[in-house]
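Survey of secondary and tertiary structure
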Amino acid sequence: LPVPVVIDHMGQLDPRLGIDHPAFRALLDLLHTQHCWVKLCAYRASADGPPYGDMRAPAWAMIAAAPGRCLWGTDWPHPSLAGRPMPDDRALFALLADWTPDAALRRQILVDNPARLYGF
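As a starting point, this report considers the structure included with it.

The rules behind each value
- All residue numbers refer to position in the chain's written sequence, counted from 1.
- A pLDDT threshold of at least 70 governs which residues receive local features in this predicted model, and a stricter bar of 80 or more applies before side-chain atom pairs are shown or counted, although totals over entire chains, interfaces and linings include all residues.
- To obtain the side-chain values, all non-hydrogen atoms of the structure were included, while hydrogens and water were left out.
- The nonpolar core is taken to be a set of buried Ala, Val, Leu, Ile, Met, Phe, Trp, Tyr and Cys residues, with the residues joined through side-chain atoms within 4.5 Å.
- Note on exposure labels: buried denotes an accessible area under 20% of the residue type's maximum, exposed denotes more than 50%, and partly exposed covers the range between, all computed with a 1.4 Å probe on protein chains only.
- By the criteria applied, helices consist of DSSP H or I runs no shorter than four residues and strands consist of E runs no shorter than two, each listed in order from the N terminus.
- Whether two residues are in contact is decided by their heavy atoms, any of which lying within 4.5 Å being enough.
- Paired strands are those between which DSSP finds at least two bridges.
- Axis definition: a line fitted to C-alpha atoms, limited for helices to the stretch in contact. Angles are taken between N-to-C directions and run from 0 to 180 degrees.
- Every angle not falling under 35 degrees, over 145, or within 65 to 115 is termed oblique; those three ranges are roughly parallel, roughly antiparallel and roughly perpendicular.
- A crossing counts as left-handed when the near helix is turned anticlockwise from the far one by less than a right angle, and as right-handed when that turn is clockwise.
- Nonpolar side chains (Val, Leu, Ile, Met, Phe, Trp, Tyr) within 5 Å and like charges within 9 Å form the patches, drawn only from residues with over 30% relative accessible area and no salt bridge.
- Here the Shrake-Rupley method, with its probe set to 1.4 Å, supplies the accessible areas, and only the displayed protein chains count as covering residues.
- We define a salt bridge as a side-chain nitrogen of Lys or Arg found within 4 Å of a carboxyl oxygen belonging to Asp or Glu.

Counting 29 residues, the largest nonpolar core has Met10, Leu40, Met62 and Trp99 as the members making the most contacts within it. Secondary-structure elements contributing two or more residues to this core are helix H1 (22–31), strand S2 (36–40), helix H2 (56–65), helix H3 (89–99) and helix H4 (103–118). Per-element accounting of this core gives the leading share, 5 residues, to H2. If we ignore the near neighbours within four places in the chain, the residues touching Leu40 are Met10, Met62, Ile63, Cys70, Leu71, Trp72, Gly73, Leu96, Trp99 and Ile109.

And the structure:
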């Protein structure tokens with residue numbers, strides 16, 4: 001598509017399938033285009049639930065594939081929980097520190113990437 005597309009909730013791919021699964025590889029291929037972005041939001045895709053450790057490998061793979069097209073979000077106010085417990089937004093934010101130990105990379109995901117995508 002000739003317009004930006006944001007894949008929400010890390011594609012909601014089941015992390016138990018692994019990062020070598022064809023669906024996950026297809027998502028990474030999309031991230032290699034210049035029009036696809038991904039929102040790093042773990043709780044909807046997690047099979048394990050809090051603390052969402054099963055989302056670490058997918059997050060690292062997405063960030064490694066396209067650090068300039070990753071965005072962060074919590075999905076607050078968490079519509080459509082479908083029986084899931086209410087996420088703790090502080091814990092969701094803390095995941096980003098685990099996924100991106102480099103402060104410059106965190107700034108890119110939190111500030112620079114959204115500014116570029118949305119024209120701030």
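As a further point, take the sheet that holds strand S1 (residues 5–7). In any sheet, the strands associate via hydrogen bonds between backbone groups, in a parallel or an antiparallel arrangement. Sheet architecture is open: 3 strands sit in the order S1-S2-S3, paired in parallel fashion. Taken across any chain shown, the strands that pair with only one partner, and hence form the sheet edges, are S1 and strand S3 (70–72). In this sheet, neighbouring strand axes are inclined to one another by 30° on average, regardless of whether the strands run parallel or antiparallel. The pairing of S1 with S2 spans 3 bridges and is parallel. Directly across from Val6, in S2, lies its bridge partner Trp37. Each of S1, S2 and S3 touches H4; the most contacted strand, S3, lies at about 115° to it.

So, on to the packing of H1 against H2. Between H1 and H2, the shortest axis-to-axis distance is 9 Å and the interhelical angle comes to 30°. The pairing of H1 with H2 is recorded here as roughly parallel in orientation. Crossing handedness for the pair H1 and H2: right-handed. Contact residues: H1 offers Phe24, Leu27, Leu28 and Leu31, while H2 offers Pro58, Ala61, Met62 and Ala65.

All right, on to the environment of Leu27 then. In this structure, Leu27 sits in helix H1. What makes Leu27 buried here is its relative accessible area of 6%. For the pair formed by Leu27 and Ala42, sequence separation is 15 residues and the distance between their alpha carbons is 15 Å. When residues no more than four places from it in sequence are discounted, the contact partners of Leu27 are Ile7, Met10, Gly11, Leu13 and Met62.

Looking at where Ala115 falls in the secondary structure, it is placed in helix H4. Sequence separation between Ala115 and Pro67 is 48 residues; the distance between their C-alpha atoms is 14 Å.

The subject of this paragraph is the side chain of Asn113. Tracing the backbone through its elements, the reader meets Asn113 in helix H4. Residues contacting Asn113, with those up to four places away along its chain left out, are Trp37, Pro67, Gly68, Arg69, Cys70, Leu71 and Gln108.

In this section: a nonpolar patch on the surface. Among the surface-exposed residues, Val6, Tyr118 and Phe120 lie close enough to one another that they form a single nonpolar patch of about 370 Å² accessible area. Positionally, Phe120 belongs in the segment after H4. For Phe120, a relative accessible area of 74% corresponds to the exposed category.

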